[in-house]
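# Per-entry structural report
Read off the chains here:
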Amino acid sequence: MTKNILLRAPALFPNAERGQCDCNCDCACVSAPSRPVANVSSSALWRRADDLYGLPLAGEYRIFCSPSSGETAVLDSFAGEILNRFALPLPICDLPDAASAEVARRLAALGFLKAEENCLCAPPKTSASTLSAWLHLTDRCNLRCGYCYLPHLREDMSSGAGRAAVDAVFRSAAIHEFKRVKIKYAGGEPLLRYSLILELHDYAAARTEKEGLSLDEVVLSNGTLLTEKTARAFKALGVRLMISLDGLGNYHDIHRPYSSGRGSFEDAAKAVELALASGLAPTISVTVSSRTAEALPQTIEWILERGLPFSVNFYRENALSASRSDMRLEEGKIVNGMLAAFKVIENNLPRRSLLGSIVDRANLSYPHAHP
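Everything numeric here is computed off the predicted structure, so don't read it as measured data.

## Considerations on the pattern of salt bridges
- Enumeration according to the criterion identifies 17 salt bridges in this entry.
- We note a salt bridge from Arg 207 to Glu 211, for which the minimum N-O separation is 2.4 Å. Taken together, the residues Arg 207 and Glu 211, both in helix 4 (residues 194-211) and four residues apart, mark about one turn of the helix.
- Classification of Glu 211 as partly exposed rests on a relative accessible area of 30%.
- For Glu 305, the salt bridge is made with Arg 306, and the minimal N-O distance between the two is 3.7 Å.
- Here Glu 305 falls in the exposed class, since its relative accessible area comes to 58%.
- One network of salt bridges, with partners in common, ties together Glu 102, Arg 105 and Arg 106.

## Notes on the pairing of strand 6 (residues 71-75)
- Most of strand 6 is tucked away, with five of its five residues classed as buried.
- Here strand 6 shows a buried face lined by Glu 71, Ala 73 and Leu 75 and a second buried face lined by Thr 72 and Val 74.
- Relative to strand 6, strand 5 (residues 62-66) runs antiparallel, the two sharing five bridges. For Arg 62, the partnering residue across the bridge sits in strand 6 and is Leu 75.

## Examining the nonpolar core
- The biggest cluster of nonpolar side chains holds 52 residues, and the ones touching the most others in it are Ile 284, Ile 300 and Phe 310.
- Here the element with the most residues in this core is helix 7 (residues 265-277); it accounts for six residues.
- Grouped together as the second largest cluster of nonpolar side chains are 23 residues, Leu 90, Ala 101, Ala 108 and Leu 110 included.

## Here's the deal with the environment of Glu 317
- Among the structural elements, Glu 317 can be located in the loop between strand 14 (310-314) and helix 9 (331-347).
- Take Glu 317: its relative accessible area is 43%, and that puts it in the partly exposed class.
- The spatial distance from the C-alpha of Glu 317 to the C-alpha of Met 327 is 8.4 Å, given a sequence separation of ten residues.
- Polar side-chain contacts of Glu 317 include one of 2.7 Å to the side chain of Arg 328.

Cut-offs used in this document
Residues numbered from 1 in each chain as written. Predicted model: local features only at pLDDT ≥ 70, side-chain atom pairs only at ≥ 80, totals over all residues. Heavy atoms only, no water. Salt bridge = Lys/Arg side-chain N within 4 Å of Asp/Glu carboxyl O. Helix = DSSP H or I, 4+ residues; strand = E, 2+ residues; numbered from the N terminus. Buried < 20%, exposed > 50% of the residue type's maximum accessible area, 1.4 Å probe, protein only. Pairing = 2+ DSSP bridges. Core = buried A, V, L, I, M, F, W, Y, C linked by side-chain atoms within 4.5 Å. Polar contact = N/O pair within 3.5 Å; in protein donor to acceptor, adjacent residues only side chain to side chain.

Encoded structure:
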């Protein structure tokens, strides 16, 4: 009698033993592969064996055979879906849950999955230890920034969705062996959901303590709703703050007015000072367009005088901002504004690296495997 392997979803069929097969096949079925699963690497790339072929059985079951490994197995639909995921090279650690990974390891132990060697598809190793996630708490905002890509619908993230998102982030961090989770609370204007920020912070902090990870959190805000109470709470909780400030006075206002049309610079600048007074040093996010490039040196000087970290980002046209042609990046204005800003930095050089501050959309805190 041919020995077959009955390979099923572990969470659904944890106790399958010899002779307990319900696939109606004429065989003796066992629930473990004949080769050790412990030798199967979760980080290596695996692909479905080229010589593998299968035939349908009753119901959801199919029987597969690999001549090269000499193994035969009956798979249910769950295991069959996992096998199909490996039509292209994939590391087992990229699967969404432990049950899927366990089935994949058993498939590899059977020889149904083959390890790929020197594959150009292989995800390069990275020394990054932090998994970052952006939580869009609300689409609502009290400003109408010229470059915003959101329609400002009255839509909010629910508490349940927020907790599920945090769970998913921590689940991915565990699978990929990250040491730290970074959560960015964004919008819209996230301070419109201040209570949700506190709730998700508590939830994430509990997960962090339970799973032995570290937690980094930052609120991405326009600053206009910041209060002394809020700033002190963030300081006490270890939650960082990023405030958008695109220029001084009118240069900020032409980018970031209130929905009424009134400028928001005075309130944003007041928020920076309030945060500093509360012991919370905010990072300043500066978006540069052709409207504001000439004022960039004065903006950078204002930031450096307060000893604040910052990032310079360039305007990017989107579907909602396409009509604002005066914001498009004119090479001469941008080059002159950046060179003048570099001179200000040179004359006020802080005792820290500024590469990440002046290179748009780049994180230079660790080596990169991708451009």
